[in-house]
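Commentary on secondary and tertiary structure
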Amino acid sequence: MHILITGGAGFLGQRLAQQLLNSANLNIESLTLADVVIAPNPAEDSRVNSVQVDLSDPQAANALIQPETSAVYHLAAVVSGQAEADFDLGMAVNCDGTRHVLEATRHKAPGATVVFASSLAVFGSPLLTDADDVITDGTAVRPQSSYGTQKAIGELWVNDYSRKGFIDGRVLRLPTVCGRPGQPNAAASAFVSSLIREPLQGKSAICPVDLSLSLWLSSPEAVVTNLIHALTLGAAQWGANRTINLPGMTVTVQEMIAALERVAGTAAVSKIEHQPDPAIAQIVATWPSRFEVSRALSLGFVGDHSFDDIIRAFAANLSLSNSLSNQLSNQK
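Report on the accompanying structure. (Residues numbered from 1 in each chain as written. Predicted model: local features only at pLDDT ≥ 70, side-chain atom pairs only at ≥ 80, totals over all residues. Heavy atoms only, no water.)

All right, on to the nonpolar core then. Ranked by internal contacts, the top residues of the largest apolar core, which has 78 residues, are I5, L31, Y73, L172, F301 and F307. Not counting the four nearest positions on each side in its chain, F301 is found in contact with L172, N226, H229, A230, L233, W238, I244, L246, P247 and A296. (Core = buried A, V, L, I, M, F, W, Y, C linked by side-chain atoms within 4.5 Å. Buried < 20%, exposed > 50% of the residue type's maximum accessible area, 1.4 Å probe, protein only. Contact = heavy atoms within 4.5 Å.)

Okay, structure coming up:
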């Protein structure tokens, strides 16, 4: 297989690349990582090619996608907070960039699989009428942010290009991912990982939302597993509806902090300071937190067992990352 990952320098792109290269079930002949910066080769693997590219340029996707391209993972996006603050940039990358990828696939690698990473941000709080309502795959989207709107547009395009036979599209609505390393980015959900990541490293973290806020969360391990699983399913298993809500878990911010205390103790929790941020709260409050995902589970997609397990895996990855960093520093 010849696979392209847009957003290949990002956190999920790097993890996805690593897992694809390690897969015993997929015959990966080449893997192209495309991003606005040169993506690291996650395994120093000769099959990997990193390309610096701006997908808002219509010629960029044409250069990336070739007749031998088997599959495209379209992860590249301007994140929620940034898309809300800079409408034109969000449209250029999240809408124009997506259409350029679809058009290039249609004309240069017709029928290739396109896995599009969407988001629960396509839904909005006016949708819910009482506390018992849950989101299903058939729930109408009513995004309350520019990012959510742009993702919803991409979903419709992937479904229509698939209906026309131009591509074999699969749309995965990702839960909020908890477990991102490094520094917070411009995503409105960045605080979710920060509340766990910083205290685990003895650093201060800011909670910008009410503790009662419910979130639909998933670990990066589950998300990457599901991204790969989406590629292995046959087109007939998807049917006419190429969009699916991935499994996750409903967790309040208070429950997140309680889990952190169980795993890492009161010293870690003491690092969290509550500083309300109305702009962030306004965006994330529109995201639903309860989903019915029986279709996803029946197709073999997976969820996490507990939020405590997500924290333990996060802590283990942080320890490994710090150990590798120390080794590299000692070698200099």
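That shown, we press on.
Let us now look at the sheet that holds strand β2 (residues 30-35). Across the sheet, 7 strands lie side by side as β3-β2-β1-β4-β5-β6-β10; this open sheet has parallel pairing. The sheet is open, and its two edges are formed by β3 (48-52) and β10 (243-245), each paired on a single side. Each neighbouring strand pair of the sheet contributes to a mean axis angle of 20 degrees, computed without reference to strand direction. Pairing geometry for strand β1 (residues 2-6) and strand β4 (residues 71-74), over 4 bridges, is parallel. Bridging from a neighbouring strand, T6 pairs with H74 of β4. (Pairing = 2+ DSSP bridges. Helix = DSSP H or I, 4+ residues; strand = E, 2+ residues; numbered from the N terminus. Axes fitted to C-alpha atoms, helices over the stretch in contact; angles between N-to-C directions.)

The gaps of empty space that remain are located by a probe, the size of a water molecule, rolled over the atoms. When its volume is computed, the largest pocket comes out at roughly 1100 Å³. What lines the largest pocket is a set of 44 residues, and nearest its centre among them are L75, A77, V79, R180 and N185. Mapped onto the lining of the largest pocket, the elements with two or more residues apiece are α1 (11-22), β2, α4 (87-108), β5 (113-119), α5 (146-163), β7 (176-177) and α6 (190-200). When grouped by side-chain class, the residues that make up the lining of the largest pocket number 26 nonpolar, 13 polar and 5 charged. (1 Å grid on protein atoms, 1.4 Å probe; cavity = no way out; pocket = protein on both sides within 12 Å on 5 of 7 lines; lining within 4 Å. Points joined across faces, edges and corners; volume = space filled by probe spheres on them. Nonpolar A, V, L, I, M, F, W, Y, C, P; charged D, E, K, R; others polar.)

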